[in-house]
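Examining the three-dimensional arrangement
Now for the letters of each chain:
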Amino acid sequence: MTHQHETNAAGAGLSPVDLRSDTVTKPTEAMYARMASAPLGDDGLDGDPTVQELEAVAAAALGKDTGLFVPSCTMANLLATLAQSQRSEQVVLESSAHMYTSERGAATFTGLFYLAVAGTAGAMDLNLLEDALQGGGHKLKTGLVAMETSHNNASGAVLPLEHMQAVHTMASVRGVPVHLDGARLFNAATALDVAPHQIARHCDTVSLCLSKGLSAPAGAVLAGPRAVIERSRGFRRMLGGTQRQIGILAAAGLEAVQVMGGRLAEDHRRARALSEALNGMHPKLSATIPQTNIVQVDVSRSGRDSAAWSNALEKAGVKARPWGKQRLRCVTHRHIDDAAIDRAVAAFRAVAGVLI
């Protein structure tokens, strides 16, 4: 069975080169096959067998007791927060972390305060973290510390394992749990050339997104200690996150966890190729040097903002996402092959000739 979703993004110039995000990835043929034959049940009653298999497989890959399948990584992060902290406590995390910049609106109903700690390349300043963990007096009690790797806003930077270990130790000494936003954890593992569980060992709970570079159509897994996951399951129900014959999606998630991590190095290689080409293109154009699959392009010296660049690039056949007023974000994924990188570079060169 052939699906339109498998169309090569570089083919015949018909489809745009979509670098907006790795969330645009479509399911693989193997995912469709597993979805079509997945045994199903009711995940809100006696359980869905395919969901249960995914939860066990993902938890094992992350080195945790058990897992919970949820609709999104945002929900996974929220459940981890609810299950491990109390109202009027604070969640401490790096100042540009996705949980802070994009998800802290959850505080409107969790009753938690989010305390941002300055960092470098996504890694919290440990001295500032130490100060934040000192409770008592006028300071709120810290209920949770959160990290993120790879780090979205830090251009896909990967936290050093030594840093993660230090954060986990500092928090554990005070009895504070650590959560890892591991939306792109498999990208981080690929960059470090380690198994995912070797990263996740430095946290108590961890979320994993299945619908980014791993190419599943939707879903995430939250993994951690059995008691925490059971509390999270209750909160998932309260939030309306219980789904019924959701094994159809979990089947694609199984393929994502078991197979798709093996090809992420290709995305990283192509991101580096794009970065190198952009940095050699024009002195007023500057690209970050990626550790994983995310490249940020600084257009501030061009005299035109990111929206102008994005609009011009789209007319030239490339979709790139404005990341603030001065930067574009370009993310490689399995639909971006070498020819697509060549097309993207040519489009940037053509647009630079007009806008700079």
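Under an unreviewed UniProt entry, the name given to the protein chain is Aminotransferase class I/II-fold pyridoxal phosphate-dependent enzyme, and the source organism is Bradyrhizobium campsiandrae. Recorded in UniProt under Cofactor (unreviewed entry), the annotation for the protein chain is "pyridoxal 5'-phosphate". UniProt's Subunit (unreviewed entry) comment on the protein chain is quoted here verbatim: "Homotetramer."

Let's talk about the environment of H98
By the element assignment, H98 lies in helix α4 (residues 98–101). Setting aside anything within four residues of it in sequence, one finds H98 in contact with E103, E148, N152 and D181. A distance of 2.8 Å separates polar atoms of two side chains, one belonging to H98 and the other to E103.

Considerations on the layout of surface pockets
For the largest pocket, the calculated volume is near 280 Å³. Broken down by element, the residue count for the lining of the largest pocket peaks at 3 residues, all from helix α3 (residues 73–84).

Comments concerning empty space enclosed by the protein
Under the counting rule described, the total for this entry stands at 2 cavities of 30 Å³ or more. The computed volume of the largest cavity comes to approximately 50 Å³. Contributing to the lining of the largest cavity are A183, R184, L185, F186, N187, L208, C209, K212, G213, L214 and L264. Along the lines of polarity and charge, the residues of the lining of the largest cavity split into 7 nonpolar, 2 polar and 2 charged. Within this model, the second largest cavity holds a volume of roughly 30 Å³. Around the second largest cavity sit L93, E94, A97, M99, A146, M147, E148 and D181, which together line it. Mapped onto the lining of the second largest cavity, the elements with two or more residues apiece are β3 (90–94) and β7 (142–148). Looking at the lining of the second largest cavity element by element, the count peaks at 3 residues for β7.

Examining helix α6 (residues 126–133)
When α6 is considered as a whole, its buried residues turn out to be L129, A132 and L133. One face of α6 carries all of its buried residues, which in axial projection span an arc of 95°. Contacts made by the buried residues of α6 are with β3, β4 (113–117), β6 (123–124), β7 and α7 (161–173). Where α6 begins, one side-chain oxygen reaches toward the backbone nitrogen of N127, 2.9 Å away; that side chain belongs to D125.

Focus on the sheet that holds strand β9 (residues 205–209)
Taken in spatial order, the 7 strands line up as β2-β10-β9-β8-β7-β3-β4 in an open sheet, and their pairing is mixed. Strands with a single pairing partner mark the edges of an open sheet, and in this sheet they are β2 (66–70) and β4. Averaged over neighbouring strand pairs, the angle between their axes works out to 20° when direction is ignored. Strand direction decides the pairing type here: β9 and strand β10 (residues 220–224), joined by 4 bridges, are antiparallel. Looking across to β10, one finds that V206 is bridged to A223. Across the sheet, helix α10 (residues 226–238) is in contact with β2, β9 and β10; its angle to β2 comes to roughly 20°.

Cut-offs applied
- Along each chain, residue indices are assigned from 1 in the same order as the chain's sequence is written.
- Totals for whole chains, interfaces and linings use every residue, but because this is a predicted model, local features are given only for residues with pLDDT of at least 70 and side-chain atom pairs only at 80 or more, for both listing and counting.
- To get the side-chain values, all heavy atoms of the structure are used, and hydrogens and water are removed first.
- UniProt positions are given in the numbering used here, feature names are shortened, and annotations may be inferred rather than shown by experiment.
- The secondary structure listing takes helices from DSSP runs of H or I that are at least 4 residues long and strands from runs of E that are at least 2 residues long, numbered from the N terminus.
- Every residue pair with non-hydrogen atoms within 4.5 Å of one another is taken to be in contact.
- Polar contact is the term for a pair of N or O atoms within 3.5 Å; when the atoms are in protein, one must be able to donate a hydrogen and the other to accept it, and sequence-neighboring residues count only if both atoms are side-chain atoms.
- Site definitions follow a grid-based scheme: protein atoms alone, a 1 Å grid, a 1.4 Å probe that fits but cannot get out for cavities, and for pockets an open set with protein on both sides within 12 Å along at least five of seven lines, plus lining residues having an atom within 4 Å of a point.
- Grid points are joined across faces, edges and corners, and a volume is the space filled by probe spheres set on the points.
- For this classification, the nonpolar set comprises Ala, Val, Leu, Ile, Met, Phe, Trp, Tyr, Cys and Pro, the charged set comprises Asp, Glu, Lys and Arg, and every other residue, Gly included, is treated as polar.
- Relative accessibility under 20% of the residue-type maximum defines a buried residue, over 50% an exposed one, and the middle range a partly exposed one, all with a 1.4 Å probe and only protein chains included.
- This arc corresponds to the set of directions leading from the helix axis out to the C-beta atoms.
- By this definition, two strands are paired if DSSP reports at least two bridges between them.
- All axes here are fitted lines through C-alpha atoms, helices being fitted over the stretch that makes contact, and every angle between N-to-C directions spans 0 to 180 degrees.

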